[in-house]
Structure formats: C-alpha cells, structure tokens
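Listed below are the residues making up each chain.
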Amino acid sequence: MRSGRSDRSVAASIGSVSSPTRVFATVDRGTASTAVALIGRMGGRHRLLGSTGGPVGVPDDALLERLRRRIDAADHELAAALGIDQPGVMADLPRLVCATAKAPVLAVIAATHRIVGPLAAVAETAGWQVRALVIDGSDILEVATALADRRVDAILAGASEPPGADERGLIGELGTLVAATTERRPDLVTVLAGGLASPGGRTETLFRPDRPGPTVLAPSPADDDGEPLRSLLDSLRGGHDDGRRALAAAAGSLARVLRRRVEVLEIGQSGGSRTLASWQPGTGSLVRTAAVARAALLPRPFTEADLDAVIGWLPISLDRLRTRDRLREMATAPWGDAAGDGATLRMAMVRAATGRLLDLTPSFEDLPAPDLVVASGGAWLAAPATATALAVADVARRPGARAVGVDHARVLAPIGAIEDDDDRARLLAELRDDLLVPLGTIVTAGGLRAARTVGSLTVHGEGGPVEVELVPGSVELVDVPPGERATIELRFRDPVDLGVRARHLALDVTGGLGGLIVDLRDVPLRLPDRLEPRRELLASWQALVWPGFDQ
Amino acid sequence: MSVAVPTPSWLDEIPLHRLVDRGLETSVPLPPGDRPLVEPGTVVLPGDLLLEHVRDRRVAEVDVRTPDGDRPLAGSRWAPVPGRRRRAEHLADGELLAPMPGKSSRWRLVTGEHRAQITSSVAGIVIEVRPGAMIRLRIEGLALRGAFAAGASARGRLELATDPFGDLRPGGIDVGRTGSILVVGSRIDAEALTRARAMGVRGIVAASIAGKDLRDFQASERRQRAALHVPEPFGVLALDGAMKRTIATPVAALLERLAGREVALLVDPPALVFDGTGIDLPQVAPDWVRVRSGPNLGAEGRVLELVGLRRFAGGVHLEAARVELDGEAPFEMPLGDLERLG
C-alpha cells in the first residue's frame, strides 16, 4: 500500500490500510487504459464505492477525482463520512497499484527444432514475446544477429538432458554463440535450461563471471509439465507490481473465499493470461497460471492468420483492407473507436485473442473444469454484459455448467498486489458481492445428435417453471436475474456430455445480466468456412444478446 | 489559436498528445560486422559518420592470438598483423563473432568487401554503442512524433506539396523535389511513394497511409535495398494512422513554419526532428480537441464539458464529452475518440 503520487506501488498489506483509513483506491494500469476504483469501509466492512477508467496517459488523479465527484454527487453524506467530499483529497489517498507492460522479447535458442519447440512453448506461457532460433541448418551469422538484436531482452538456451544424438554435435556451437552474445551485451539476462544447466558445467563456464547480467540455471521444459521453468521465466519479467502475477494471486484468494474452482480469462492490449485456481481444505489454494503475449488483442507480429481470426469472428461485413487499417488504428489509439461497429470489431478481437490464449495453454484442459469463469481486462468491457457472456460461451467451450462474471471494476489485480494471502482473502470476502458483475450461468452440452429437438429444459425459478425445447445448434436464453437462483432440469433423449455423460440432469444455477445461457452448439464450435453464411450465423447469435446490435 | 486562460482540471481526462517532444532517443542498428565510428559521448551533427556498414556480410575463420595471450571479446575488431604473408582468405578484417567450439584461438570473423558509410540524419550525442546490436543517440532539437514510419531515416529540406487536406498524386512529383522531405497532406499511395523515391525525394510526411500502400512500399523498399547500388535513404512518416484524415491544424501550422528548413525524418521512433531555434511553436487553446478515432475522424473543434457516461451506437456506455466540431452544433461523443494537443 502506498500513499501519494509516486509512480510505483510498494508491497501492500490490507492490514495497514484497513485500520487507519476509511477509503483507499485501486489502480490497474494497463497498456491501453487505466482503471481506478474506490473502496471504502462502511458498516464494519469494505465496499466498492465506484469505479471508472480512461485511456492510458490520463493521470490517475484525474480519474480518481472524476470518481470522487460522482460519489459526492450521488451521496454527499457518504462522501463526507469517508472524507472524500472535497476536491484534491485523492492525491493523498492510499492506493493499491498494479501495472502491465508490453511483453519483453525472449530469444529462445536450441540446437534443433525438436528441442526449441518445448522450450518456446513454455516461454510463450510465461509472458514473453518469443523468437525461436535453432542452430541446425541455420546461417550462423543470421542466428548471431538475431541474438544480438537490440529488441531482445533475454535469452533462453536449452538442451535435452542428457543431450540427444541430434544435438550433441551442435551443443558447443550453441554455447559459444550465446556466450559471445553476452560479451556484446553483458547485461543480457541469460537462462540456461535442461542439459545446458548443470552447475559449473561446460556451458556455464563459457560465460564471463564478471558480467553484470545474470546467468540463470533453469530446469528442463520436460520437468513437471514445464511448470518450474515457466514459473522461473515469469519471475524474470515485469516489475514487482506486475498486473498479471497479481491477478493470478487474486484468483487463488478468490477460489479460497468462494470455495470454488475459478478460472480467470484476462485479455489486454499487450497480452493475456489464464489462471485456474481451486481450493481444498487442508491443501489451500492451488493456482495454475499462464501469461501469454500472443493473446494480446493485437499480438506482435500481427500475422495474416491473426487477421483471419478476427475476421472469422466478425458478425458484420467489413472488407479485409479496411479491417486491417482499423486494427492498425486501434494499435495506436486502443481506447478509441469503441462505439457502433467498433465495439463489434473489438469483441471479435477479444474472441480471437481468447482463442489464442486457450490454444497456447492446452494443459489447462486436463485440470478439473471451473465452477466460475471470470472475464478480466479492459477488452471484455467493450460490449454489453450479455454479449460478453456469449463471447465467453463462444470461445471457452467445455461441456458442463459454469457461472460467468466480469471483473467490471478491474479491482482483482490491484487486490492481488497485497502480499499476504490472508489479507487478500479477507478483503475479497468483504467485497465478494461487489467484485464481479454476474453475467449468468452457461450450460454447454456436447455430443448432441442431429435432430429437430433433442430434449427439454425446465427452469424452476422464482417466477414459476419455464419449459424450453432444446434444439441442437441453438443458443437458448432464459431470464434469470442477478441475485436469483434457479434449479434447472435438463432431459435429453440420448446421453450427452455435460461434464458427465447423462440424459437427465438437475442443476442449481445463479442468475446474471445474461441469465441462463443453454449452449447446444458443437463442442468445439464449428462455423461455416464461407464468410457470408458464417457472418449470418454469428449475427443471429449476437442479435440474441446484444441490444442495439446492428448488422 | 493563442488563448491564455487557466486550464480547467477536467481537461486532464482527455488524452493529451504533445505537439513536440524534446530529448528524444533513437537507435541505429549495428548488426555484427558493422563498425561503429563513434563512441559514447561523441557529439554528432547531421552528416557526421556513425558507422561503416558491410553490405555483403560473410563469415571467415581466423586464428586470433593476442600478444598477452588474453582471450579477445566477441564484438572486438580484428585485422591481420601487417607484414606477414597469408593466403587471400586470411587477409580479411572485420568483427569477431564467436570462437569456434572447443578452439580458443580459432574464431569466426564477420567480414565483407562492400562497405558503405552511414551518416547521422540528426544532431545529438551518442549515449551507447553496443557492437553487434546498436548505436543509441539522444537527439538535440525538437521532435514531432508520428504514428508509424517505414523506410530509412533521412534528412532534407521540408517542402509543402499540398495543403493539409490534399492528396498527392504520382504526377505531382518531379525532379524539382530532389533532396526534399515532402508534406503531402492527408494521404499518399504506394505509387506516389515509389515515384517520389525515384525522383530523389528523401522523405514523405502524410497524415495517414493505408496499410496496403504501406506494405506495397515496404516490399519495394526491400527490393531496392537488396540491389548492389546503394539507394539514397528514403523514409515515410504517417503522423496519425492508417485511416484517411487531414493533418491537424496546429501540426499543419508548425509544418508551414518549418517549410524551407532542414529536417530529419526518423523511422525509429517515428518522428520529424528539427532545430527549434527561431521557430515560434503554434499555441493551442486548452479546450482545442481533435477526433482521433471513430466517426468524424480528423474533425477539430472545442470541448465544452464532460457529460459522464452516455449510451452510444451498439448499446455501449462510454464516458462522453460535449463538443463543438468544425463550427457545427454541439453534440456528445465518446471521450476516448478525442485528443488534445499541447
């Protein structure tokens, strides 16, 4: 927790803010936008007073002052009681701050493609922008030039353990090239993994011991599914207030508070992250996280395939050249063009980015499915909440039922900057009703047979039972308002995949702005290859959930 | 445009785009083999030598023995000891790339026959030289930042080819423009860019360049650079982006004042650098705004007030401002689509 106007936060502790101060601010500085929120202590517990955001570059204090004015205008007595009824008080307010930055560049090098593949795959999930290089069959001069490139921030060199027959003759070359690069750029962080990492081994001795940059010995990408290497690489990037690491910590505490499995899908301008957190009595929170630079809204480099992915999710007709130009504009002014078809374009970008995030984290699919999916990051806030719920259903396609919420105030990551898990959990427990906007519950059924109807759904809610016929390929929406719970009965003619294979299933679901979404489309989603019918299909789904959507 | 009124604090909520920056840093690539001709602390003027670029880089193997027996560092320069008879392939001089694996005195050397001397397009001071990586300079003078650039950094006399609203067609460029950096108004296409380069123009400044035209130009530029004949440096700078709009009025006013002066067009970072001595920078009213994105792109006017969250097309709720653009009746538009200049 820090006070005043300094640019960086310090390690935080909710204990130090809760006792002397009645209100504090959270600041989530992204690469495109900044979100601020005010959290006040009322009635013996913390409550979210409000939140707002603005383009990056707009001073935090200006955003906080806007928020203060609104709170004061809405409830002057409350503002006076919290001491925020006068202009200028925001500057001295304690703050929890986190920040995300552009992904640094990691040159990943190995003797052969066989070795560099797993290394690069792990590095891709540690928040680095990866440039993979191999010695075998390459021009040495080109490789040396790529390693010394001024845009490279660190090098990861690796070999299998023990080195395979295909790489043994090239290991020496690999070591001398990397060591020579550190002589050109002595401050370069260099990570030696797997077979290159034996302490005092031949490769390490090639490096000058007096150079300022560290040489880090790292485990093999084959160890424990690459998690130790990923964790090490993740720790080498970003500052101590890194927003993505903080978000992962907050997800772990949230799982502990809710006693549920929580998945956070975060998409931002500079990258994305996926965190799956669970909690079990005795073992505490288990958190698996991955930060993926390629999951940025506009990844670097932005390839034709990336453009195709965005166009593939567009429910409106925009020609390829114009779409590319609009995306380029969004790269320079990511906060602009947010209304009208700009919002539709942004949601297509979010879907494409989330698709890349999920594709690059396949090991998460082996973990138990989440009970709650949280959409986080400014990109998800581009559309009405119901459209956001459909976007989650479109890309995160696991059979079963899960609640969906959105981190609307972007407070999760700043709260994750609190160092102590107990402090974090205490604050999250107090804020649990304010943290997330409930979007509803998504029920996804897989393995449906082609037929006119495949069964029926009965929703037992506060307004009496509602019966819905289930049609394969459709999305059924049932109004279950936020705060309401309902029991649903799903009856299928044949067994289907709902996380478990069953014909008849009863579930308790929670409501939200999007209500209950029963998704009977293919798992994974199959869309027409031709653009026109594809757009029409996407538009028909979008029209269901997006008030004001104009094709 | 010159107004001296106190700036309301709420204007801070509108993104501010600086008209000019000072103390900009730029870096010049220095790939293995290229020889730096400056060192940290060197003061450079436009036209001063920065580095010797090897155009046909190749790797040779040499025996490197230092008089004291120390191992040399990668990135060091190496030349054969004069006076000894050697085979022709051992006469090359160049930069030590890396030792051969397992042979401490046998090195790979980056060398080449065709060398070109690269000069600085800006005045400044060298703050870092990293052999094989880059030369970093802190620029002296003022910089008008752009959105993106392509080609190579160049220097020339600034000329206005059209008014800020105009497009420049290929036929409008002739050899009379040789050595100039042309301001071409709202947009330019790839054909006009390649013609400008062929006519000896050193650079183009436009409000916007469409992505397709930029890619076509970059492909043409790569072909030019691959040729044996070294072309004159030619750069293109898009001030705002890829979608068509006019040059902002204060920027156009600044460019008019710079007409006839020597300026440098930088590619990394994208900027137009000039000596600010004697230049009266345009004053911009604090409530002056320009539409940066979305509908009304490029329109200019005044922001009257911030109005809070409003519902816009597509059913999205965005922070909004009440603005008066191009003399039309006031209306509300998303705050994020606006920018101030200052």
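Residues numbered from 1 in each chain as written. Chains lettered and ligands numbered in written order. Predicted model: local features only at pLDDT ≥ 70, side-chain atom pairs only at ≥ 80, totals over all residues. Heavy atoms only, no water.

1. Re the overall build of chain B
As a reminder of what qualifies: Going along the chain from the N terminus, every DSSP run of H or I of four or more residues is numbered as a helix, and every run of E of two or more is numbered as a strand. Remark: exposure states derive from per-residue accessible area (1.4 Å probe, protein chains only) relative to the maximum for the residue type, with buried under 20%, exposed over 50%, and partly exposed in between. The accessible surface values rely on the Shrake-Rupley method and a 1.4 Å probe; as for residues, cover is taken only from the protein chains in view.
Secondary structure assignment for chain B yields 3 helices and 26 strands. With the principal axes as the frame, chain B shows a C-alpha extent of 85 × 45 × 45 Å. Counting only residues that meet the buried cut, chain B has 53% of its 342 residues in that class. Just so you have it, chain B exposes about 15100 Å², and 50% of that area is on carbon and sulfur atoms.

2. Quick look at the packing of helix α9 (residues 304-312) of chain A against helix α11 (residues 341-359) of chain A
Helices that pack against each other are described as a pair by the angle of their axes relative to one another and the distance between those axes. Residues and elements named next belong to chain A. What counts, and what does not: With axes taken as lines fitted to C-alpha atoms, and helix axes fitted only over the stretch in contact, angles between N-to-C directions fall between 0 and 180 degrees. An angle below 35 degrees is treated as roughly parallel, one above 145 as roughly antiparallel, one from 65 to 115 as roughly perpendicular, and anything else as oblique. Rotating anticlockwise by less than a right angle from the far helix to the near helix defines a left-handed crossing, while the corresponding clockwise rotation defines a right-handed one. For this analysis, residues touch if any pair of their heavy atoms sits within 4.5 Å. Classification used: nonpolar for Ala, Val, Leu, Ile, Met, Phe, Trp, Tyr, Cys and Pro, charged for Asp, Glu, Lys and Arg, polar for all others including Gly.
At their nearest, the axes of α9 and α11 sit 8 Å apart, and the two run at 125° to each other. The angle between the axes of α9 and α11 places the two elements in the oblique class. The interaxial crossing formed by α9 with α11 has right-handed handedness. Every residue of α11 that contacts α9 at Asp-306, Ala-309 and Val-310 is listed here: Leu-345, Ala-348, Met-349, Ala-352 and Arg-356. Residue composition of the contact of α9 with α11, by class: 6 nonpolar, no polar and 2 charged.

3. Observations concerning the packing of aromatic side chains
Filter applied, for reference: Pairing of aromatic rings covers Phe, Tyr and Trp, the last through its six-membered ring, and needs centres within 6.5 Å; plane angles under 30 degrees mean stacked, over 60 mean edge-to-face, and all others mean tilted. For a ring to carry a charge above it, either NZ of a lysine or CZ of an arginine must fall within 6 Å of the ring centroid while also lying within 35 degrees of the normal to the ring plane.
According to the stated counting rule, one finds 1 aromatic pair over all chains in the structure shown. Arranged with centres 5.7 Å apart and planes meeting at 65°, the rings of Phe217(B) and Phe234(B) form a pair that is edge-to-face. Taken as a pair, Phe217(B) in helix α2 (residues 211-226) and Phe234(B) in the loop between α2 and β19 (235-241) lie far apart in primary sequence, 17 residues in all. Taking relative accessible area as the criterion, Phe217(B) reaches 0% and is therefore assigned buried. Lying across the ring of Phe364(A), Arg288(A) places its NZ or CZ 5.6 Å from the centre. One Lys or Arg, Arg328(A), reaches over the ring of Phe148(B) and ends 4.3 Å from the middle of that ring.

4. Section: the nonpolar core
Residues and elements named next belong to chain A. Let me state the cut-off plainly: We define a nonpolar core as any set of buried Ala, Val, Leu, Ile, Met, Phe, Trp, Tyr and Cys residues linked to one another through side-chain atoms lying within 4.5 Å.
Counting 63 residues, the largest nonpolar core has Trp-313, Met-347, Met-349, Trp-380, Val-392 and Trp-546 as its most contacted members. Among the elements that take part in this core, α11 stands out by supplying 10 residues, more than any other. Non-local contacts of Val-392, meaning those with residues more than four positions away in its chain, are made with Val-373, Ala-375, Trp-380, Arg-402, Val-404 and Ile-442. Core analysis: the second largest hydrophobic core is formed by 37 residues, Leu-141, Val-143, Ala-157 and Phe-207 among them.

5. Looking at the confidence of the model for chain B
For the record, the criterion: A residue's pLDDT is the confidence the predictor assigns to it, expressed on a 0 to 100 scale.
Mean pLDDT over chain B: 89, with 94% of residues reaching 70 or higher. The ipTM value of the predicted complex is 0.89, and its pTM value is 0.92.

6. Let's talk about the interface of chain A and chain B
Heads up, the rule is: Defined here as a combined quantity, buried area equals the accessible surface (1.4 Å probe) lost by two parts on assembly, summed across both. Put simply, a salt bridge is a Lys or Arg side-chain nitrogen that is within 4 Å of an Asp or Glu carboxyl oxygen. Side-chain atoms alone can form a polar contact between residues adjacent in sequence; in general such a contact is a pair of N or O atoms within 3.5 Å, and within protein one must be able to donate a hydrogen while the other accepts it.
At the interface, 48 residues of chain A touch 60 residues of chain B. For the pairing of chain A and chain B, the buried interface totals around 4100 Å² over both sides, and the portion due to carbon and sulfur atoms is 55%. Arg66(A) is the salt-bridge partner of Glu13(B), the closest N and O atoms lying 2.6 Å from each other. Linking chain A with chain B are 25 residue pairs in polar contact (both at pLDDT 80 or more), by the criterion used here. Every element with two or more residues in the side of chain A that touches chain B is listed here: β3 (45-55), α2 (60-74), α5 (140-148), α6 (165-184) and α10 (320-332) of chain A. The greatest single-element share of the side of chain A that touches chain B, amounting to 8 residues, is contributed by α10(A). Looking at the side of chain A that touches chain B residue by residue, the classes come out as 21 nonpolar, 9 polar and 18 charged.

7. A word on the sheet that holds strand β8 (residues 77-78) of chain B
The criterion, for reference: For two strands to count as paired, DSSP must find a minimum of two bridges between them.
As summarised here, the arrangement of the 4 strands in space is β7-β10-β9-β8 (chain B), forming an open sheet in which the pairing is antiparallel. The sheet is open, and its two edges are formed by β7 (58-63) and β8 of chain B, each paired on a single side. Of the pairings in the sheet, the one linking β7(B) to strand β10 (residues 103-111) of chain B comprises 6 bridges and is antiparallel in character. Note on β10(B): the bridge partner recorded for Ala60(B) is Leu109(B). Against the sheet, α5(A) contacts β7, β9 (94-100) and β10 of chain B, and its axis sits at roughly 100° relative to β9(B). Each of β9 and β10 of chain B is contacted by α6(A), which is oriented at about 140° to β9(B), the strand it contacts most.

8. Remarks on the packing of α11(A) against helix α12 (residues 385-395) of chain A
All names here are of chain A. α12 packs onto α11 with a crossing angle of 35° between their chain directions and a minimal axis gap of 10 Å. Here α11 and α12 pass one another in a crossing that is right-handed. Contacts between α11 and α12 pair Met-347, Arg-351, Thr-354 and Leu-358 from the former with Ala-387, Thr-388, Leu-390, Ala-391, Asp-394 and Val-395 from the latter. Here the residues of the contact of α11 with α12 are counted per class, giving 6 nonpolar, 2 polar and 2 charged.

9. A word on the side chain of Arg211(A)
Residue and element names in this part refer to chain A. So the rule is basically this: Note on charges: Lys and Arg go in the positive column, Asp and Glu in the negative column, and His and the chain ends are not counted at all.
Take Arg-211: it is sitting in the loop between β8 (189-194) and β9 (215-218). Summary of buried charges: Arg-211 has no salt-bridge partner, and the nearest side chain of opposite charge, Asp-187, is 6.6 Å away. Within the structure, the side chain of Arg-211 is placed 3.1 Å from the side chain of Thr-190, a separation counted as a polar contact. Within the structure, Arg-211 has its side chain in polar contact with the side chain of Thr-215 (distance 2.9 Å).

10. Comments concerning the pattern of salt bridges
Residue and element names in this part refer to chain A. The tally for this structure, following the rule as stated, stands at 76 salt bridges over all chains. The residue Asp-494 makes a salt bridge to Arg-449 at a minimum N-O spacing of 4.0 Å. Of this pair, Asp-494 sits in strand β19 (residues 485-497) while Arg-449 sits in the loop between β15 (437-444) and β16 (455-461), and the two are 45 residues apart along the sequence. Given a relative accessible area of 32%, Asp-494 falls into the partly exposed group. Overlapping salt bridges bring together Asp-225, Glu-227, Arg-230, Asp-234, Arg-237, Asp-242, Arg-245 and Arg-288 as one network.

11. Quick word on the environment of Val273(B)
With respect to the helices and strands, Val273(B) occurs in strand β21 (residues 271-274). If near-sequence neighbours (up to four positions away) are discounted, Val273(B) is found in contact with Val122(B), Ile139(B), Glu140(B), Leu142(B), Ala143(B), Val263(B), Ala264(B) and Leu266(B).

12. A closer look at the pairing of strand β13 (residues 372-376) of chain A
Residues and elements named next belong to chain A. In plain terms, the rule: By the criterion used throughout, a crossover qualifies as right-handed when its path from the first strand across the helix to the second strand runs clockwise, the strands pointing away from the viewer.
Taking burial as the measure, the 5 residues of β13 include 5 buried ones, the bulk of the element. Residues Leu-372, Val-374 and Ser-376 point to one face of β13 and Val-373 and Ala-375 to the other, with burial holding for every one of them. In this sheet, β13 lies alongside strand β10 (residues 262-267) in parallel orientation, the contact comprising 5 bridges. Residue Val-264 lies in a different strand from β13, and its bridge partner there is Val-374. With 4 bridges joining them, β13 and strand β14 (residues 400-406) adopt parallel strand pairing. Looking at β14, one finds that Val-374 is bridged to Gly-405. As a crossover connection, the stretch from β13 through α12 into β14 is right-handed.

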